[in-house]
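Descriptive structure summary
Residues per chain are reported as follows:
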Amino acid sequence: MNHPDTPSVFLFDSELSFRQLLAFWESKLSSASSAERIMAGVVLDQIPEDHILRSAVVTPEEASEHAQLVDMLMSAIVPIANAEDDIAAAMVPFRMIPVYHTIPFEKLNFLDKEKITFTTTSGSVAFAEMGSRKSLTVYHMVLTQYYGAKISTMYAYILESVEENTGLHQFHRTEFDSRFMQLEADGQQPVLTEGEVQTLLDDPLNLELFKATIPPEHFKIRGFSVVRASEVTESEVLSRLKQDLMAKNALVCPKNLDLLRQRLRSLVRIPELEFGIVALDRCLNGEVTGARSIGRSLVLSRGMPQCTDPDQTIFAEVYESGLPVLSNDLSVREGNTAFEMEVLEQGLKNYYLAPLLNDEIPMGFFEVGVPQASSISVLNKNFLDNVALLFSTALKRSLDEQEDRVQAMIKKRFTAVHPVVEWKFRQAALASMTPNKVDLTSAVSFDSVHSFFASSDIRGSSLKRGIAIQQDIAEQLGMALAIIISASSVRPTPSLDELGFRIEQNIEKVLSSVSSGDEVTYVDFLSHEIEPHFEELKSYSSDV
């Protein structure tokens, strides 16, 4: 195993010693448990008083010469039954030099700086920065142990590694056990005022400030530290996938798409996995033949398949049900159309398709394909179901951003557009955003349409119309308020009180004035926020 070290960056003297571990074994000689007494006796009999491992300081080379005895001592930390499963190592304090490690720890190559990425809650940490981080950790221990300060002294790291054979990424959370490590003052410790201690606490990551206030030569660390790791690949990949999908152009930038694919492969542990996103924003009545690829798609990789029976596709099935579908082997599916054949021609048999929903209405599809049949397990499908929710949010944001660009383009090139013909301008704007870059102005044309222009006005009609609208809205709101008051008298609830309050507010606004366009706002309020409660309120009483 490669043993990289950064002594030039780590500021403190660090010495290997097993004395605290030996003291632990000696304490077990008087244990109430006979098994512990026997085990301690066996271990200590192998290490007489004049043995090198009992020295105040032991070199890593000396520990290596007595590796079997070190393994025996370490059984207090990693039981023999767990040695083949636990991910653990004992190291020279704050130096990445292991004197003991389990087989899983060695296999994961945690000490290979070329293959490991360190991450904390504050972000990634370069290997070259680890010495500074460890120096700060010791300084925080100094503040806690010698100056009575309260500050975290050990930090958890997330280690990201890559499997050589598959390229899949793994994540492990490390925890440090400092029970067998001792911080010692080397000579007279510096005297600090409360103000100086507080200044250090206020700026806990300022290494230069710590060095100037507490010279590192005044302290040293002796013993060994224990590093334990547990796999957190699933939770970490999902967390990072969520962050990746929040990036701008997450679904269209090739680099971002490659990163998303890597995340998905690592999540389900399938290195051959491919994925795609299909949007339905330009389809009419859910017809999948009007779908388009977002970034990349499996079924639309070579354009829209010429399908004579689109209602029989797996896409139509998912669209109608609103539920994900997993085909273990698409090649044996009955009734395959040109859509399924397009996926099979790419060598993908195992196919997963999930709807991307917006208010329970499909706005796109999330597709995953694997060459080997039945590669996606039931557990993997559950992961993908959760991932589909993340992609739904990302697609919704992407489509909203596109709509903002469309509206900005229309407003920039044209005057006010009537709602009746806005669809044509949107269609032209979207066409101008495709790789073909259709000219926006020339794309807006209404063939075989003849315009008729006329205008008329009745004096005072606008005022009277406004008054009539005001009275009509006030009357409808008043009837709605009467229903809420009646229901509240039968079964009072905070939600009914809140609805009544909002209706009263709207009535006051209506009676004060009604502007152009307010009619639609009040009608929407009644139809979407008040009327949906009426069915439930009917059951309260006949009076309601």
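Quantities reported herein were computed from a predicted structural model and do not represent experimental measurements.

Calculation notes
Residues numbered from 1 in each chain as written. Predicted model: local features only at pLDDT ≥ 70, side-chain atom pairs only at ≥ 80, totals over all residues. Heavy atoms only, no water. pLDDT = per-residue confidence, 0-100. Contact = heavy atoms within 4.5 Å. Core = buried A, V, L, I, M, F, W, Y, C linked by side-chain atoms within 4.5 Å. Buried < 20%, exposed > 50% of the residue type's maximum accessible area, 1.4 Å probe, protein only. Helix = DSSP H or I, 4+ residues; strand = E, 2+ residues; numbered from the N terminus. Pairing = 2+ DSSP bridges. Axes fitted to C-alpha atoms, helices over the stretch in contact; angles between N-to-C directions. Phe/Tyr/Trp six-rings, centres within 6.5 Å; stacked < 30°, edge-to-face > 60°. Lys NZ or Arg CZ within 6 Å of the ring centre and 35° of its normal.

Thoughts on the confidence of the model for the protein chain
For the protein chain, the mean per-residue pLDDT works out to 87, and 91% of the residues sit at or above 70. A low-confidence stretch, residues 1–8 (pLDDT under 50), is modelled with 19 contacts involving residues beyond four sequence positions or located in other chains.

Digging into the nonpolar core
Counting residues in hydrophobic clusters, the biggest one holds 34 residues, and the most contacted among them are F275, F366, F391 and L395. In terms of residues, this core owes the most to one element, helix α13 (residues 378–413), which gives eight residues. Apart from the residues within four sequence positions on either side, F391 is in contact with L245, L251, L260, L264, F275, I277, L356 and F366.

A closer look at the sheet that holds strand β14 (residues 350–358)
Here we have five strands laid out as an open sheet, ordered β12-β11-β15-β14-β13, and antiparallel in their pairing. The sheet terminates laterally at β12 (292–293) and β13 (325–327), the two strands that pair on one side only. Pairing of strand β11 (residues 274–279) with strand β15 (residues 361–370) involves six bridges; the strand directions are antiparallel. Residue pairing in the sheet places A279 in a bridge with G364 of β15. Together, β11 and β15 form the strand contacts of helix α10 (residues 254–268), whose direction differs from that of β11 by roughly 120°.

Here we look at the packing of aromatic side chains
The full count for this structure, using the stated rule, is 16 aromatic pairs. Between F12 and Y139 the ring centres are 4.9 Å apart and the planes differ by 70°, which places this aromatic pair in the edge-to-face class. Taken together, the residues span a long stretch of sequence, with F12 in the segment before β1 (13–16) and Y139 in helix α6 (residues 130–147) at a distance of 127 residues. With respect to class, F12 is no different from Y139; both count as buried. Aromatic pair F18 and F224: ring centres 5.9 Å apart, planes at 45°, arrangement tilted. Separated by 206 residues along the polypeptide, F18 in the loop between β1 and α1 (19–27) and F224 in the loop between β9 (219–223) and β10 (225–231) bring together distant segments of the chain. Taken together, the ring pairs connect F10, F12, F94, Y139 and F210 into an aromatic cluster. One cation-aromatic arrangement involves K134 over F10; the distance from NZ or CZ to the ring centre is 5.9 Å. The ring of Y540 is capped by R491, whose NZ or CZ atom sits 4.1 Å from the centre of that ring.

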